[in-house]
Amino acid sequence: MLSAYIRLAEVGIGCEDWPDCYAQLNVETEKKGISVLTEAGRDMGHYGARIAHRYIASALGLFVVAIFIMALRLGTARATGLAVPTAIFAVTVFLSALGYYTPTRSNPLITMGNLAGGMTLLGLLWWLMQREAPSADPAIPSSASHYRPWALVALCLVLMQVLLGGWSSANYASANCPDLLQCRGDVWAVASFGDAFNPFRTIALDDAGQVLRSESLGVLSMAHRLFAIFTAAYLAWMVRKLKPETQLSATVLALSAFSIGQIVVGVTMIWFQLPLLLVTLHNTLAAGLLLCSINLLHRLTPPTVLPPPD
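First things first, this report covers the structure right here in the doc. (Residues numbered from 1 in each chain as written. Predicted model: local features only at pLDDT ≥ 70, side-chain atom pairs only at ≥ 80, totals over all residues. Heavy atoms only, no water.)

1. Description of the overall build of the protein
Stage number 1. Tallying secondary structure elements over the protein gives ten helices and zero strands in all.
Stage number 2. Ordered by position in the sequence, the α and β elements of the protein form the string α-α-α-α-α-α-α-α-α-α.
Stage number 3. Across the 310 residues in the protein, those meeting the buried criterion constitute 45%.
Stage number 4. Taking as baseline every contact in the protein between residues at least 6 positions apart, the subset at least 24 positions apart corresponds to 78%.
Stage number 5. Surface accessibility of the protein: about 16500 Å² in total, with carbon and sulfur atoms responsible for 69%. (Helix = DSSP H or I, 4+ residues; strand = E, 2+ residues; numbered from the N terminus. Buried < 20%, exposed > 50% of the residue type's maximum accessible area, 1.4 Å probe, protein only. Contact = heavy atoms within 4.5 Å. Areas by Shrake-Rupley, 256 points an atom, 1.4 Å probe, with all protein chains shown as cover.)

What follows is the structure, encoded as structure tokens:
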């Protein structure tokens, strides 16, 4: 949440002169980040958030190291074996290395790597906790086990939606579609699609350091919005199918609440021209929706049978 807030604030989400003040790069000091706020606002307004983010990231790193060492000592005598703790440790190392380059926001891949890595770390930790902790939840009947592949599809759709939103944000596409279903220019041109989803695309700037709003950026915003409708429809279908399963009532309720909340906040923040707190909340709800999808998959996955102790 802090990482999202800092990134969004520094690129000009919620600035007073929207959208003219959005994504204004200082070419000379670009490695220090986007310069859209006043000196006082940049130095004081978000200083506390940056410091808190660093301390929390450091503490998280220590806990991840402890989890990895414990996993090595216990070996396979655990529900998740060594695979999940090793992946958590690897993602943490990746994010630590990427943190050195994160202020360089003219490269969308760096911003995207930070966001995707953070969401991956969150999801892995959530899966580890759920699989390892003793569960007081009632057992899921075998009649519901056939929904597990559909739950996996739901998780994949949520992940794709998060990545679409992250790629759109990393390329500063928010200002290209000021209305809910209307963008500037011909966003459906074939050339626009090729440029929008090119993983090696670069950020184009004008002489003043403003990010150029090409038609391909409208493709990113619109793809994110249309895929959100498709994902929400699929989740609604899943909720309807799982409603008779009373053992999953809490999971289904949470999945419904986060899905509906995400749609409501998404429409509201477009209507009010992307205020900073609403866009940060949108990121937070995306993380919650990811956790709900993982929880559903966990509930539909049979417990791991551990080998007997020697």
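More follows now that the structure is in view.
2. Quick word on the pattern of salt bridges
Stage number 1. Counted according to the given criterion, the structure contains one salt bridge.
Stage number 2. One salt bridge connects D195 with R201, and the closest N-O pair in it is separated by 2.9 Å.
Stage number 3. For D195, a relative accessible area of 29% puts it in the partly exposed group.
Stage number 4. Taking relative accessible area as the criterion, R201 reaches 10% and is therefore assigned buried. (Salt bridge = Lys/Arg side-chain N within 4 Å of Asp/Glu carboxyl O.)

3. Re helix α3 (residues 47-74)
Stage number 1. Between the first and last C-alpha of α3 there are 41 Å, a value that for 28 residues agrees with the 40 Å anticipated at 1.5 Å per step.
Stage number 2. Along α3, the residues that are buried comprise A49, R50, G61, V64, F68 and A71.
Stage number 3. Phi turns positive one or two residues past the end of α3, at G75, with a value near 65°. (Expected span 1.5 Å × (residues − 1).)

Just distances and angles here, no functional claims.
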